[in-house]
Amino acid sequence: MSAVTLSGISKSYGAQRVLDSVDLHVPDGSLTAVLGPSGCGKTTLLRIVAGFVRSEAGTVSLGDRVVESPGTALAAEKRGVGYVPQEGALFPHLDVAANILYGLPRGRRSKTRLAELLDLAELPHDVARRSPHELSGGQQQRVALARALAPAPRVILLDEPFSSLDAGLRVSAGRAVRRVLRHAGATALLVTHDQGEALSLADQVAVMRAGRVVQVDSPTALYAHPVDPETATFIGGATVVSGQVRGGVALTSLGDLTVRAEDGPARVLVRPEQVRLVELAEAGVHGTVTEVSFYGAQVVVHLDLADGTPVTARGSSAHTPESGEKVGLLVEGAVVAYPESSQ
Amino acid sequence: MTTIRVHPRLSPALLAGIVVVGLTLIPLGYVVWETATMGPGQLHDLLWRPRVGELLGNTLKLLVTVVALTVVLGVAGAILVVRTNLGAPMLWHALLSAPLAVPAFVNSYGWVSLTSQVQSYWGAVLVVSLSYFPLVYLPVVASLATLDAAPEEVARSLGRGRARAFAGAALPRLLPGILGGALLVGLHVLAEFGALQLLGYPTFTTAIYGQYRSAFASNAGTVLSGVLVTLCILLLLVELLARGRRRYDRVGRSAGRPPEPFRLGAWRPVAWAALLGLTALSLGVPGYSLVHWLLVGSSTEFPIGDLSTALVSTLSLAAAGAVLTVLMALPLAWLAVRRRTTVSTALERAGYIANALPGIVVALALITVSIRVVPSLYQTLPVLLLAYAILFLPRALVSVRSSLEQAPPVLEDVSRSLGQSAWATLRRVTLPLVAPGIGAGAALVFLAISTELTATLLLSPIGTTTLATEFWSNSSSVRYGAAAPYALLLVLAAIPATVMLSLHARPGRASAAEIPRRMELAA
């Protein structure tokens, strides 16, 4: 396994600039998620690393070997980069065993290696003789992963690997894939548009927007300190209110909030789980409940403040208000503020 | 810094595609060029003749009646088999598809050799309709079998009776299948030569043949060809207009449920009698006739030597023609699936033009062009094979195209990422995936060539006899007994393709969207 380093990668299709000087370092043995809305260029980035598409500028290095630069490009089959596309793309004419062993030289396609890979991918041994269409979506995904891992590649690329699975299966499939990758000690680059997936699975998340990488951070750092309000709202819902920062306190319609920012006008970010609903008398800020979405253990409450500002709160369903009820609001913990001038 | 190519390169595939389309456009180009350069005076004289008016009347009269009759027979048969409690649906399905295995010229041989009364307008209508109604029946069965019950149930919950609910909510969705089938019947009627010649019913095809026999490649023949091709193209346009831009796809994605069958009640024996009668006419008569002449013929002569010569040359011609046709279809299908541009789409469409070209027009054009351009090629194997390839390119194209769609490029990406070279990827992934479809396309072309009459008759090299030409020379000189063994072999050769089509459209399976395209493969 080896680290992946991209520097200054650019790519256009016709007049459209898909990738604009992208830099990214994927540390050895880590799982990095590239997160962005569809059309932000993340899949093109993956295909450049795989060697299916040439970049126009910049370099790609696997370990200390440059595989892609303006002058030269190593062919895809010589890069040693495993690829797990959407929906797995298993070879439909081959059974599971032949799919998994496809990338190994003839002499190394042994029963023991197959058994190792099935175990690694947490697949029961009796699926080996089945056809891809007889497997569930999650199983197909794990066979595709085992197939990609079989030749012991330096890096594994996963392109929206869970997008075809239904919601319930996604979470468990994601965790299984992460376990498998950890076990194999693989360096992995995962492309997704689902922030929950990126935050829960990756060691490092790179947020992409319109062909650029806007922030690279660990999931916790990314959630706590998004680089701008757009990133903040993209990574988990957030209420953004304007206010004035004075001496570590932001004065907003949600009250006076603790903040670490310079004095001046600012946009203040409040996460739904920071908003606590209390009795009217307990808080200085009041709001009217407009909509209640009940999720069993959790409840998401939409409110309007007196001045009409919409606010979202998320909390335990032990305290579920009624629609139309007037409640008090408290904001817990420090908030993040962005100076207004930066916008 | 590398630059991105915006304009498509002239790749080998594109070049091959252009060559293929160039070859397939020879017959149409010839007819257009010849009529355009003829001079208005001569064209007018050749066109405004009572003879042309008579042929046009005959052809249109036959076309309209046969299309109407086949639509009635095909739709009624399909509804009885799929939507009622008729019983034994698979048996009836087989019996109603089976007439496709009897080539139309063999069917009319069966009738003519028993009674000369069919040598009339109504006789022609009867025999040709009995040969072609499965072309409507099969696509309608396929659409009926995949029809979801929900819209009809909604119509009934809104107060419609069963029959009105079917007419209002189901019938419109069968329209594409019916129109597609009717178009095929129409094109077959316009192109039919052997059956109508035996039935003594003069249309454009028989007149073109007569011109060729008496005056070889004459301007009169060319003008008749031009009128015939125009009729075919008009028919395609009529179908296109009738189909319109309406869409009948189901909304939503659930698989759907089949509706409850209509209960026939006291009408059930009537339905059985009607279907039995239809089967007796479409299969019983030619079957009886064939057996009769086989028994009579075998007592006098059973030329095993001639038979095997004809069989061997038929099989070799069919094999060579199938290989050539598939090779010509490959670049067009590749471009259409993998290199989608306006140019590649136009090239693929052009490959389907032959659907509107009767065999006699293709044959006549190739004869004239080969004599003028490369006289040494006249009446040689390459010209005959080219005619087959032009005529049957659409069938090969449909199969090869859908097989290429079975091999999405992402599978090749995965293979490359697993360390396989382009060649190993082709051998281990692409070929295994596309081979079955290409094989099926080749098989369909092979079977179509082995029962092809018109082009073979006009183009086969001197001394080459095939099943169709031997059958023809015997039956057209009223040696019915001698023709019988060849007729039997022709029927046997047509059975596999019929079984393929019949299974593809069986009640209860298949995707309706696929059927109209598949039906282009039909006899």
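Residues numbered from 1 in each chain as written. Chains lettered and ligands numbered in written order. Predicted model: local features only at pLDDT ≥ 70, side-chain atom pairs only at ≥ 80, totals over all residues. Heavy atoms only, no water.

This part is about the overall build of chain A. In terms of helices and strands, chain A carries eight helices and 20 strands. Each of the three principal axes of chain A carries a C-alpha extent, and together these read 75 × 45 × 35 Å. Burial statistics for chain A: of 343 residues in total, 50% are counted as buried. Here the analysis covers contacts within chain A between residues at least 6 apart in sequence; of these, 64% occur between residues at least 24 apart. When the accessible surface of chain A is summed, it comes to about 14,900 Å², and 51% of that surface belongs to carbon and sulfur atoms. Within chain A, the 36 negative side-chain charges are centred at a point lying 11 Å from the centre of the 32 positive side-chain charges. (Helix = DSSP H or I, 4+ residues; strand = E, 2+ residues; numbered from the N terminus. Buried < 20%, exposed > 50% of the residue type's maximum accessible area, 1.4 Å probe, protein only. Contact = heavy atoms within 4.5 Å. Areas by Shrake-Rupley, 256 points an atom, 1.4 Å probe, with all protein chains shown as cover. Lys, Arg positive; Asp, Glu negative; His and termini not counted. Charge placed at Lys NZ, Arg CZ, Asp CG, Glu CD.)

All names here are of chain A. If you check the domain split of chain A, you get domain 1 (4-231) and domain 2 (238-342). For domain 1 and domain 2, the distance between their C-alpha centres works out to 38 Å. Taken together, the contact pairs seven residues of domain 1 with seven residues of domain 2. Buried surface at the junction of domain 1 and domain 2, both sides included, amounts to about 630 Å², of which 53% is carbon and sulfur. When the area that domain 1 buries against domain 2 is broken down by residue, the three leading residues are Y223, P226 and P229, summing to 77%. In this assembly, domain 1 and domain 2 are joined by zero salt bridges. For the pair domain 1 and domain 2, the interface holds three residue pairs in polar contact (both at pLDDT 80 or more). Put simply, the parts of the chain that give the side of domain 1 that touches domain 2 at least two residues each are α7 (219-224) and α8 (229-234). (Domains from an automatic or database assignment. Buried area = accessible area lost by both parts, 1.4 Å probe. Salt bridge = Lys/Arg side-chain N within 4 Å of Asp/Glu carboxyl O. Polar contact = N/O pair within 3.5 Å; in protein donor to acceptor, adjacent residues only side chain to side chain.)

Another aspect to go through is the sheet that holds strand β3 (residues 31-35) of chain A. All names here are of chain A. Spatially, the six strands line up as an open sheet ordered β6-β7-β8-β3-β9-β10, and their pairing is mixed. The open sheet has two edge strands with one neighbour each: β6 (81-84) and β10 (212-217). Shown here is a sheet whose adjacent strand axes are inclined to one another by a mean of 20 degrees, direction ignored. The pairing of β3 with strand β8 (residues 187-192) spans five bridges and is parallel. Following the sheet pairing, V34 is matched in β8 by V191. (Pairing = 2+ DSSP bridges. Axes fitted to C-alpha atoms, helices over the stretch in contact; angles between N-to-C directions.)

All names here are of chain B. Where helix α17 (residues 359-373) contacts helix α18 (residues 381-405), the two axes come as close as 10 Å, and the packing angle between them is 140 degrees. Taken together, α17 and α18 sit at an angle that is classed as oblique. The handedness of the crossing between α17 and α18 is right-handed. Contacts between α17 and α18 involve G359, V362, L366 and S370 on the former and, on the latter, V383, L386, A387, I390 and L391. (Parallel < 35°, antiparallel > 145°, perpendicular 65-115°, else oblique. Left-handed = near helix turned anticlockwise from the far one by under 90°.)

Residue and element names in this part refer to chain A. In the structure shown here, the tally under the stated rule is 22 salt bridges over all chains. In this structure, the salt-bridge partner of R182 is D203, at a minimum N-O distance of 2.5 Å. Linking R182 in helix α5 (residues 167-184) with D203 in the loop between α6 (195-201) and β9 (204-209), this pair joins segments that are 21 residues apart in sequence. Three or more residues are tied together by salt bridges with common partners; here these are R17, D20 and R212.

Taken together, the contact between chain A and chain B spans 24 residues of the former and 21 residues of the latter. The junction of chain A with chain B conceals about 2,000 Å² of combined surface from both sides, 62% of it contributed by carbon and sulfur atoms. Considering only the surface of chain A that becomes buried against chain B, E77, H93 and Y102 of chain A emerge as the three largest contributors, covering 34% of it. Across the chain A-chain B interface, the total number found is two salt bridges. When the shortest N-O distance is used, the salt bridge between R47 of chain A and D413 of chain B registers 3.0 Å. At the boundary of chain A and chain B, one finds five residue pairs in polar contact (both at pLDDT 80 or more). Tallied by class, the residues present in the side of chain A that touches chain B amount to 14 nonpolar, four polar and six charged. (Nonpolar A, V, L, I, M, F, W, Y, C, P; charged D, E, K, R; others polar.)

Our next topic: the side chain of E452 of chain B. All names here are of chain B. As for its placement among the helices and strands, E452 is situated in the loop between α20 (422-450) and α21 (454-459). Of the side chains with opposite charge, R395 lies nearest to the buried E452, which makes no salt bridge, at 8.7 Å. Here the side chain of E452 touches T454 through a polar contact of 3.5 Å, landing on its backbone nitrogen. When residues no more than four places from it in sequence are discounted, the contact partners of E452 are Y388, L391, F392 and A468.

This part covers the pairing of strand β17 (residues 298-305) of chain A. Residue and element names in this part refer to chain A. Of the pairings in the sheet, the one linking strand β16 (residues 285-295) to β17 comprises eight bridges and is antiparallel in character. Bridging from a neighbouring strand, T288 pairs with D304 of β17. Hairpin geometry of β16 and β17 is characterised by an intervening segment of two residues between the two adjacent antiparallel strands and by a positive phi of about 85 degrees at G296. Two elements, β17 and strand β18 (residues 310-316), share seven bridges in a ladder whose sense is antiparallel. In the sheet register, V301 faces β18, and the bridge partner there is A313. The antiparallel hairpin formed by β17 and β18 contains four residues in its connecting segment, where G308 sits at a positive phi of about 95 degrees.

It is worth spelling out the nonpolar core at this point. Counting residues in each nonpolar core, the largest one holds 187 residues, and the members touching the most others are L157 of chain A together with V106, Y109, L458 and F471 of chain B. No other element matches the 16 residues that α18 of chain B contributes to this core. Every residue in contact with L157 of chain A, bar those within four places of it in the chain, is listed here: L46, V49, A50, V81, G82, Y83, V84 and L189 of chain A. Listed in part, the 43 residues of the second largest apolar core include L90, A97, I100 and L158 of chain A. (Core = buried A, V, L, I, M, F, W, Y, C linked by side-chain atoms within 4.5 Å.)

A grouping of E279, E282, E322 and E325 of chain A is seen on the molecular surface, where their side chains present a negatively charged patch. On the secondary structure map, E325 of chain A appears in the loop between β18 and β19 (326-331). (Patch = residues over 30% accessible without salt bridge, like charges linked within 9 Å, V, L, I, M, F, W, Y side chains within 5 Å.)

Residue and element names in this part refer to chain B. Close contact between helix α15 (residues 304-338) and helix α23 (residues 480-504) brings their axes to 11 Å; oriented N to C, the two are set at 30 degrees. As α15 runs across α23, the sense of the crossing is right-handed. Contact with α15, carried on its side by D306, L307, A310 and L311, involves P485, Y486 and L489 of α23 and no other residues of that element. Grouping the constituent residues of the contact of α15 with α23 by class yields six nonpolar, no polar and one charged.

What follows concerns the packing of aromatic side chains. Following the criterion strictly, the structure yields 12 aromatic pairs over all chains and no others. Aromatic pair F52 of chain A and Y83 of chain A: ring centres 5.0 Å apart, planes at 65 degrees, arrangement edge-to-face. In this pair, F52 of chain A sits in the loop between α1 (42-50) and β4 (57-62) while Y83 of chain A sits in strand β6, placing the two residues 31 residues apart along the sequence. Using a relative accessible area of 4% as the deciding quantity, one classes Y83 of chain A as buried. Judged by centre distance (5.1 Å) and plane angle (80 degrees), the ring pair of Y109 of chain B and F471 of chain B falls under edge-to-face. Placement of Y109 of chain B in helix α6 (residues 104-112) and of F471 of chain B in helix α22 (residues 467-476) is noted, with a sequence separation of 362 residues between them. Note on Y109 of chain B: relative accessible area 2%, which makes it buried. The rings of F105, Y109, W293, F471 and Y480 of chain B are connected pair by pair, giving a single aromatic cluster. Above the ring of F91 of chain A, the side-chain terminus of R147 of chain A is found at 4.7 Å from the ring centroid. One cation-aromatic arrangement involves R428 of chain B over Y102 of chain A; the distance from NZ or CZ to the ring centre is 3.9 Å. (Phe/Tyr/Trp six-rings, centres within 6.5 Å; stacked < 30°, edge-to-face > 60°. Lys NZ or Arg CZ within 6 Å of the ring centre and 35° of its normal.)

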